[in-house]
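Inside the fold
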Amino acid sequence: MDDIDSAIVRELQRDARQTNRELAGKLNIAPSTCLERVRALRARGVITGYRATVDLRALNRPVQALLTVRIRPMNREVIERFKAFLTSLPEVLTVYVVAGGDDFLVHVAVPDVDRLHALLMDRIFKRREVVDCRSSVIYQHVANDIIEPLPPERP
């Protein structure tokens with residue numbers, strides 16, 4: 001990726017709804033060049049999609065938590081089946097399969113603490129493969145909206 005590609009990615013992360021002409025104008029390049037580069041970035045898998053960010057409170061999900069889950073037996077089939085189960089739950093926002101003491105890190109958003117408790121007791125802990133689950137309520141959530149490429153490490 002060169003500087004123009006990086007600028008395109010940065011600007012689209014800032015506002016993916018802008019027109020190609022507006023994007024080209026901000027970068028001082030021809031609209032045809034801009035369009036060609038955006039298409040190439042999509043074809044190379046640098047740009048993987050466009051989405052709207054939403055306010056979880058407006059969707060009746062003001063309480064967020066991170067769940068750490070350990071499962072047994074540890075094999076590919078059990079991992080895939082449990083991952084599919086988690087992603088089918090409407091409360092689940094993101095699932096990470098991780099290394100270390102825990103096997104899964106799960107980001108959930110629910111209406112209240114009672115619903116979080118019900119999710120844990122009625123859904124998660126009822127699974128035979130779950131040997132441990134801990135929850136941490138999130139007080140604040142901050143994310144970087146713009147992700148910049150990192151320079152290659154020098155030897």
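These numbers come from a predicted model, not from an experiment. (Residues numbered from 1 in each chain as written. Predicted model: local features only at pLDDT ≥ 70, side-chain atom pairs only at ≥ 80, totals over all residues. Heavy atoms only, no water.)

Accessible area lost upon the coming together of the parts is a frequently used measure of interface size. For the chain, the assigned domains are domain 1 (3-44) and domain 2 (56-138). Computed over C-alpha atoms only, the centres of domain 1 and domain 2 are separated by 37 Å. (Domains from an automatic or database assignment.)

Our next topic: the UniProt feature "domain: HTH asnC-type" (unreviewed entry) in the chain. Summarizing the sequence annotation, UniProt attributes the feature "domain: HTH asnC-type" (unreviewed entry) to residues 1-62 in the numbering used throughout. From the first C-alpha to the last, residues 1-62 spans 39 Å; its make-up is 53% helix and 0% strand. (UniProt positions renumbered as here; feature names shortened; annotations may be inferred. Helix = DSSP H or I, 4+ residues; strand = E, 2+ residues; numbered from the N terminus.)

What follows covers the nonpolar core. Among the nonpolar cores identified, the biggest contains 22 residues, and Val 69 and Ile 124 are the most heavily contacted of them. Those elements giving two or more residues to this core turn out to be strand 1 (63-71), helix 4 (76-88), strand 3 (104-110), helix 5 (113-124) and strand 4 (130-138). Leu 12, Leu 27, Cys 34 and Val 38 belong to the second largest nonpolar core, which has 12 residues in total. (Core = buried A, V, L, I, M, F, W, Y, C linked by side-chain atoms within 4.5 Å. Buried < 20%, exposed > 50% of the residue type's maximum accessible area, 1.4 Å probe, protein only.)

Moving on to helix 1 (residues 3-14). Here helix 1 spans 16 Å end to end across 12 residues, near enough to the 16 Å set by a 1.5 Å rise per residue. Where helix 1 is concerned, the buried positions are Asp 5, Ser 6, Ala 7, Ile 8, Val 9, Glu 11 and Leu 12. By the N-cap criterion, in which a side-chain oxygen at the helix start approaches the backbone nitrogen of a residue two or three places on, helix 1 is capped by Asp 2, the distance to Ile 4 being 3.1 Å. (Expected span 1.5 Å × (residues − 1). Polar contact = N/O pair within 3.5 Å; in protein donor to acceptor, adjacent residues only side chain to side chain.)

Moving on, we get to the packing of helix 1 against helix 3 (residues 31-43). Closest axis-to-axis distance for the helix 1/helix 3 pair is 10 Å, and the angle between their directions is 80°. Of the possible angle classes, the one that applies to helix 1 and helix 3 is roughly perpendicular. Within the contact between the two elements, helix 1 uses Ile 4, Asp 5, Ile 8, Val 9 and Leu 12 and helix 3 uses Cys 34, Arg 37, Val 38 and Leu 41. Classifying every residue of the contact of helix 1 with helix 3 by side-chain character gives 7 nonpolar, no polar and 2 charged. (Axes fitted to C-alpha atoms, helices over the stretch in contact; angles between N-to-C directions. Parallel < 35°, antiparallel > 145°, perpendicular 65-115°, else oblique. Contact = heavy atoms within 4.5 Å. Nonpolar A, V, L, I, M, F, W, Y, C, P; charged D, E, K, R; others polar.)

Here we take up the pattern of salt bridges. By the definition in use, this model includes 13 salt bridges. For Glu 129, the salt bridge is made with Arg 127, and the minimal N-O distance between the two is 2.8 Å. The partner of Asp 132 in a salt bridge is Arg 134, with the nearest N and O atoms 3.1 Å apart. Judged by relative accessible area, which is 42%, Arg 134 ranks as partly exposed. Where salt bridges share partners, they join Asp 2, Asp 5, Arg 37 and Arg 44 into one cluster. (Salt bridge = Lys/Arg side-chain N within 4 Å of Asp/Glu carboxyl O.)

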